[in-house]
Amino acid sequence: MTIFDSVKKQKVLFEPIKKGEASIYVCGPTVYDDAHLGHARSALSFDLLVRTLRALRYKVTLAKNFTDVDDKIIKKIRETGKTLEEITTHYIARYKDEMEQLHILPSDIEPKATESIEAMSSMIQRLIGSGYAYQIEGGDVYFDSSRDSAYGSISHKVPDDDESRSRIDHVEGKKNPKDFALWKAAKADEEIAFESPFGSGRPGWHIECSAMIEKHFEGSDEYSIDIHGGGADLLFPHHENEAAQSRCASGHELAKYWMHNGFVQIDGEKMSKSLGNSFFLKDALAAYDGEILRFYLNSVHYRNDFNFNEEDLLAAKKRLDKLYRLKKRITPGGASAVKKEFRQKLLEAMSDDLNISIALAVIDEMVASANEGLDADPKNKGLKKETVANIEFIDELLGFGGMDPFEYFQLGIEPEVKEKIEELIARRTEAKKAKDFAAADAIREELTAMGIAIMDTAEGTLWEKS
RNA sequence: GGUGCCAUCGCCAAGCGGUAAGGCCGCAGCCUGCAAAGCUGCUAUCCCCGGUUCAAAUCCGGGUGGCACCUCCA
C-alpha cells in the first residue's frame, strides 16, 4: 500500500508501527450544526482508506472525534437557549445517521472533547511544567511555539511574524503571534467551564486531538499513531499545532503519516458558510439516495478538489446504474468466489493511494465483460455466480453495489404508484399479445410521462425510475 | 505580502520519462413489433513559449488562467 503523505509531499510506502495493524485518527466535526458535503467527503475519503487497509488484511483501528465544546457551540447555546448537551447529542446523532446513509463504516473509537478534559489538562500541565507553555494574565494558557524547534515541519509554513500581513489574531500577552491557546480561561459570565489545575475554563481546539490520541493509542517510541487525517484546511494551523504540542509533551512525533482530503467546491469555489454557498448533506440526501451520493463523491480522487454539481452527479449515477442493471440480470442467484484477477486489480488500484478512477475503470470492464458473456449465454450459471461474488466484493471494498437491484431502480416510488405501474404494464403486455402495438405504445408513453422507463426482456417487462 | 496546489476529448476523470484508461454525452450498426437495456465500432497529442532527453501530458525554466492556506472551517 502506498499513500500520499502530505508532510513529505510524496507517495510513500505504508509501513505501520506494528506489523499488520493500522492506527488511524481522523479529525471529525465540531457538532454545532448539520454536516455539509465537505464533512461527507472527508468521511468518505477515510472510509475508503479503512476499507482498503482491511481488505489488505490490516487490523485497523479508526478513531474519529467529535468536538463538542467550542466557541461556536457556546454561541449556539446563547442563540437557542438549549444546553450544550442538547445541542451536541442532537448533531452527533444526526451526523452518525447521515454517515450511515453514506455507507460509512462506524469508527472504532469516537472520543468527545468533553469526555477527555482530564487527558487534556494533564497534557497541558506537562507542557507548562516543562516550559513549553505559559499562562498569561486572565488565565489563558498558550503554547510557546518558539520552544519547539520543529514547529513548521508539518505544514512547511513559516508563519509571517509581520502582523500587518498575517491574519493571526493579536492577543495581549502572547509572546509570539503564532502561539496558540491550549486553555481558555472562563470569563465571569460563561457557564460552560471545566475545572483544571490552572483554573476554570475550556480547552483550546488543537489540544483535544493530541490528548485523545495519547489516551486511546499505545503508539511506539517514535510515533503515537500511523495515520492522521483530515481536510486540507486542517494542515495549518490545526495539525501543525497538534504535532507541536504532542512532540513537546511526549518527545516523539504524533503521526507517522499525514493524509489530507481535498475540498468540495460549488461553482469552482470553496464551499463555506461565510461565502453563503454551503450545501448541507441532509438536503442532498433528501434528493438522492446515500449510495448514489457516496458513489458520486468518491468518484474523484480524494486529494483533488471536488466541484459539486447536479449534472455530474447524474452522470455518475448513470455509471452506477449500469452496475445495478447487471446485478438485475443475475438476481436472484447465489455467489461463488470472486474472480481472482478482478479482486487483485481492484485492490491494486486502491493500494496506490486510493486510485478510485482506476478502480472504477476496472469495475466498468468487469460489467461490460459480464454483460457480453450473458448476451452470448444468458444461462451461464458459473458467470452469474462469479459476478454476484464480484459485486459483493465491490460493496465490501468500495461501499456500493450492495442494494437489491430492483429496489435501487425504484427508489422513491410510493407503493400506490408501484401498483399503478404494475397494472399498466400488465395491460400493455395484453395489448402486445393482441398485436395492438398502438395501445401498447400509448401505455408506454403514459409510463414515460410518469417518469418510468420500461424494458422488455425474456423474463418479462421490467421497469425503472428514469 | 508569503506559501502551496491545479490546467488532459463538449462534460467528469486516470496518467508519476516510453509513445493518451474509464464514465457521461454524441454518431453508426447488431438486437427489438417499435423502444429501452445490452453488445460492436467511431470521436483528443495533453493551456502557451522555451529547454533537457534517443524518447515528455509526464522533468526544468518562463508565461497565462483557476483554486486554496496563512482567521473558525472537512
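Quick caveat, the model's predicted, so the values are computed rather than measured.

Bringing a negative patch on the surface into the picture now. On the surface, a cluster of negative charge is contributed by Glu 414, Glu 416, Glu 419, Glu 422 and Glu 423. Relative to the helices and strands, Glu 414 is located in the loop between α13 (405–408) and α14 (415–433). By relative accessible area, Glu 414 is classed as partly exposed at 45%.

All right, on to the domain arrangement of chain A then. What the domain assignment lists for chain A is domain 1 (2–266), domain 2 (310–408) and domain 3 (415–465). For domain 1 and domain 2, the distance between their C-alpha centres works out to 38 Å. Taken together, the contact between domain 1 and domain 2 spans 14 residues of the former and 13 residues of the latter. Put simply, domain 1 and domain 2 have one salt bridge between them. Across the pair Lys 11 and Asp 352 runs a salt bridge whose closest N-O atoms are separated by 2.8 Å.

The subject of this paragraph is the sheet that holds strand β11 (residues 264–266). Taken in spatial order, the three strands make up an open sheet running β12-β11-β13, and their pairing is mixed. Edge strands, defined here as strands with exactly one partner in the open sheet, are β12 (269–270) and β13 (306–308). Bridge analysis of β11 against β12 gives two bridges, and the strand direction is antiparallel. Bridging from a neighbouring strand, Ile 266 pairs with Glu 269 of β12.

On to the pattern of salt bridges, then. Pairing is possible between side chains that carry opposite charge, provided their charged atoms lie close to one another. Summed over all chains, the structure comprises 29 salt bridges. Across the pair Lys 317 and Asp 321 runs a salt bridge, and its minimum N-O distance is 3.2 Å. Within this pair, Lys 317 and its partner Asp 321 are both found in helix α9 (residues 310–329), separated by four residues, close to a single helical turn. For Lys 317, a relative accessible area of 21% translates into the label partly exposed. Between Lys 432 and Asp 456 there is a salt bridge; the shortest N-O distance is 3.0 Å. A residue pair is termed long-range when its members are at least 10 positions apart, and Lys 432 in helix α14 and Asp 456 in strand β14 (residues 452–457) qualify at 24 residues. Owing to a relative accessible area of 29%, Lys 432 belongs among the partly exposed residues under this scheme. Through salt bridges with shared partners, a single ionic network connects Asp 34, Arg 94, Glu 98 and Lys 282.

The residue after Phe 236, namely Pro 237, is reached through a cis peptide bond having omega 0°. On the secondary structure map, Pro 237 appears in helix α6 (residues 235–250). Put simply, Thr 331 and Pro 332 share a cis peptide bond, and its omega is -5°. Here Pro 332 shows up in the loop between α9 and α10 (340–351). A positive phi angle, close to 60°, is found at His 103, a residue other than glycine. As for its position among the elements, His 103 is in the loop between α3 (84–101) and α4 (117–129). Take His 103: its relative accessible area is 25%, and that puts it in the partly exposed class. For His 156, which is not a glycine, the phi torsion comes out positive at approximately 60°. As for its placement among the helices and strands, His 156 is situated in the loop between β6 (141–143) and β7 (181–185).

Within the largest apolar cluster, 126 residues are counted, with the highest numbers of intra-cluster contacts made by Leu 53, Phe 308, Ile 363 and Leu 398. Per-element tally for this core: the top contributor is helix α1 (residues 37–55), with 10 residues. Mapping this core onto the domain boundaries places at least three of its residues in each of domain 1 (2–266) and domain 2 (310–408). When near neighbours in sequence (up to four residues on either side) are disregarded, Leu 53 contacts Met 1, Phe 14, Ala 22, Ile 24, Tyr 58, Val 60 and Ile 227. Ile 421, Leu 424, Ile 425 and Ile 443 belong to the second largest nonpolar core, which has nine residues in total.

This part is about the packing of helix α2 (residues 71–80) against α3. The geometry of α2 relative to α3 is characterised by a closest axis approach of 9 Å and an angle of 110° between their N-to-C directions. The pairing of α2 with α3 is recorded here as roughly perpendicular in orientation. Once α2 is placed against α3, the crossing between them reads as right-handed. Where α2 approaches α3, its residues Ile 73, Lys 76, Ile 77 and Thr 80 are matched on the opposing element by Leu 84, Ile 87, Thr 88 and Tyr 91. Tallied by class, residues from the contact of α2 with α3 come to five nonpolar, two polar and one charged.

Before going further, it helps to examine the side chain of Asp 47. Here Asp 47 lies in helix α1. What makes Asp 47 buried here is its relative accessible area of 3%. Of the polar contacts made by the side chain of Asp 47, one reaches the side chain of Arg 51; its length is 2.8 Å. Not counting residues up to four positions away in its chain, the partners in contact with Asp 47 are His 103, Ile 104, Leu 105 and Arg 294.

This structure, assessed with the given rule, holds 12 aromatic pairs. With centroids separated by 5.5 Å and ring planes inclined at 65°, the aromatic side chains of Phe 14 and Tyr 58 adopt a geometry described as edge-to-face. Linking Phe 14 in the loop between β2 (10–13) and β3 (21–26) with Tyr 58 in the loop between α1 and β4 (59–64), this pair joins segments that are 44 residues apart in sequence. We note that Phe 14, like Tyr 58, is buried.

Conventions we followed
Within each chain, residues carry numbers counting from 1 in the order of the written sequence. Both sets of labels track the order of writing: A upward for chains, 1 upward for ligands. Where totals are concerned, whole chains, interfaces and linings use all residues; where local detail is concerned, this predicted model gives features only for residues with pLDDT of at least 70, and gives and counts side-chain atom pairs only at 80 or more. The side-chain quantities take in all heavy atoms of the structure and omit both hydrogens and water. Only residues whose relative accessible area exceeds 30% and that take part in no salt bridge are eligible for patches, with like-charged residues grouped when within 9 Å of each other and nonpolar side chains (Val, Leu, Ile, Met, Phe, Trp, Tyr) grouped when within 5 Å. Residue exposure ignores everything except the shown protein chains as possible cover, and the areas themselves are Shrake-Rupley values with a 1.4 Å probe. We define a salt bridge as a side-chain nitrogen of Lys or Arg found within 4 Å of a carboxyl oxygen belonging to Asp or Glu. Positive charges come from Lys and Arg alone, negative charges from Asp and Glu alone, with His and the N- and C-terminal ends not counted. Every charge is mapped onto a representative atom, which is NZ of Lys, CZ of Arg, CG of Asp or CD of Glu. Secondary structure elements follow DSSP: runs of H or I no shorter than four residues count as helices, runs of E no shorter than two count as strands, and numbering proceeds from the N terminus. Exposed residues in this analysis have more than 50% of their type's maximum accessible area, buried residues have under 20%, and partly exposed residues fall in between, with area computed by a 1.4 Å probe over protein chains only. The split into domains, and so the bounds of each, comes from an automatic or database assignment of domains. The contact criterion used is simple: two residues touch if any of their non-hydrogen atoms lie within 4.5 Å. In short, DSSP must find at least two bridges between two strands for them to pair. Remark: nonpolar core denotes a set of buried residues (Ala, Val, Leu, Ile, Met, Phe, Trp, Tyr, Cys) joined through side-chain atoms within 4.5 Å. Helix axes are fitted only over the stretch in contact, all axes being lines through C-alpha atoms; the angle between N-to-C directions runs from 0 to 180 degrees. When describing relative orientation, an angle under 35 degrees is termed roughly parallel and one over 145 degrees roughly antiparallel, while 65 to 115 degrees is termed roughly perpendicular and anything else oblique. By definition, turning the near helix anticlockwise from the far helix through less than a right angle yields a left-handed crossing, and turning it clockwise yields a right-handed one. Residues are grouped as follows: nonpolar covers Ala, Val, Leu, Ile, Met, Phe, Trp, Tyr, Cys and Pro; charged covers Asp, Glu, Lys and Arg; every other residue, Gly included, is treated as polar. Each polar contact in these results corresponds to two N or O atoms within 3.5 Å; when the atoms are within protein, one needs to be able to donate a hydrogen and the other to accept it, and residues that are neighboring in sequence are counted only if both atoms are side-chain atoms. Only Phe, Tyr and Trp rings are paired, with Trp represented by its six-membered ring, and only when their centres lie within 6.5 Å; those with planes under 30 degrees apart are stacked, over 60 edge-to-face, the remainder tilted.

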